[in-house]
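What follows is each chain in one-letter form.
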Amino acid sequence: MLRTMRCALWALLLAAVAASPAALAAKGQTKLHWYGQSAWKIETPSGGVILIDPWLTVLTNPDKSSIAEPGRVDYILISHGHFDHVGNAVEIGKKTGAVLITTADLGRNMVAVAGYPKDKVVTACSGGTVAMPKAGARVTLVNAAHGSDLLIPKPPESGPVTVPGGNPVGFVLQIDGGPTIYHTGDTDVAEDMKLIPMFNRIDVMLACIGGNFTMDPVRAALAVQWAKPTHVIPMHYGTFPVLAGTPEELRAALAKRGLAGKLIVMKPGEDRTF
Ligand SMILES: [Zn+2]
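Cut-off values and rules
Residues numbered from 1 in each chain as written. Predicted model: local features only at pLDDT ≥ 70, side-chain atom pairs only at ≥ 80, totals over all residues. Heavy atoms only, no water. Salt bridge = Lys/Arg side-chain N within 4 Å of Asp/Glu carboxyl O. Helix = DSSP H or I, 4+ residues; strand = E, 2+ residues; numbered from the N terminus. Buried < 20%, exposed > 50% of the residue type's maximum accessible area, 1.4 Å probe, protein only. Pairing = 2+ DSSP bridges. Axes fitted to C-alpha atoms, helices over the stretch in contact; angles between N-to-C directions.

Colleague: Any chance you could explain the pattern of salt bridges here in plain terms?
Modeller: For side chains of opposite charge, pairing can occur when their charged atoms come near one another. According to the stated counting rule, one finds 8 salt bridges in the structure shown. The shortest N-O distance in the salt bridge between Glu91 and Lys95 comes to 3.5 Å. Taken together, the residues Glu91 and Lys95, both in helix H4 (residues 89-96) and 4 residues apart, mark about one turn of the helix. Overall, the relative accessible area of 39% leaves Glu91 in the partly exposed class. Note on Lys95: relative accessible area 45%, which makes it partly exposed. For the salt bridge of Arg201 with Asp203, the shortest nitrogen-to-oxygen distance reads 3.4 Å. Classification of Arg201 by relative accessible area gives exposed; the value is 61%. Asp203 gets classed as buried once you look at its relative accessible area, which sits at 18%. One salt-bridge network, held together by shared partners, links Lys31, Glu43 and Asp271.

Colleague: Please clarify how the sheet that holds strand S14 (residues 231-235) should be interpreted in this entry.
Modeller: Within a sheet, each strand pairs with its neighbour through backbone hydrogen bonds, oriented either parallel or antiparallel. The strand order across the open sheet built from 6 strands is S7-S8-S11-S12-S13-S14, with neighbouring strands paired in mixed fashion. Single-partner strands in this sheet number two, and they are strand S7 (129-132) and S14. Adjacent strand axes in the sheet meet at a mean angle of 20° when their direction is disregarded. As paired elements, strand S12 (residues 180-183) and strand S13 (residues 204-208) share 3 bridges and run parallel to each other.

The following block contains the structure:
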């Protein structure tokens, strides 16, 4: 009798461990690391490494060695030309040989003006999907409502300080054996977001919420309702005083729509596995 009870207890314990997020993460896990702003490192189950909007020298990044030793990077995705999204892409690209994936317009000027290695650039436009075989993943560029000019590193004394970067985009990242991630880029909420769940079931939405240059938490809550992700992680807030939206405001706005359970809040420098 005692033995039967012990067996039953063990079975219960094993079932609980198997269902815990940590146990699920151990098998074929995808790791998301947030540097701050819109900068992410995504490590895929196949061992690939993807950086999105890699501003690694952002003040909120607690790991100051990220740039000196970026480690393996297979792909760099840039959503638009603004400095807080192009970030340290050129330096990292030259150090790691990473392939840059961005829009055709921005890709051209990333080579011509910013100096990204020409043979390492793959371009597409909104609606297009690019394979990332070294990471076991593929990315679809989707609409974002924002700007996209690119700063000229050493502009002439009289003349423009920027060049065009085409249309801004967001990214839908499908990872083999892992989650599907929607990185909004910088954008307002837009009805185009209703299209996202018609093509992909989103596990994780990385959503800008700072306001002023993008949607604020109230508008972002509607974006979450339309994109229908399982989880939403806010980003692009708190880096500068003007990006005043907070995760608490997003939680309140989501709660009004019955969506507060979707919220995961991370701190810059943290990891999360899915
Ligand atoms: Zn931005």
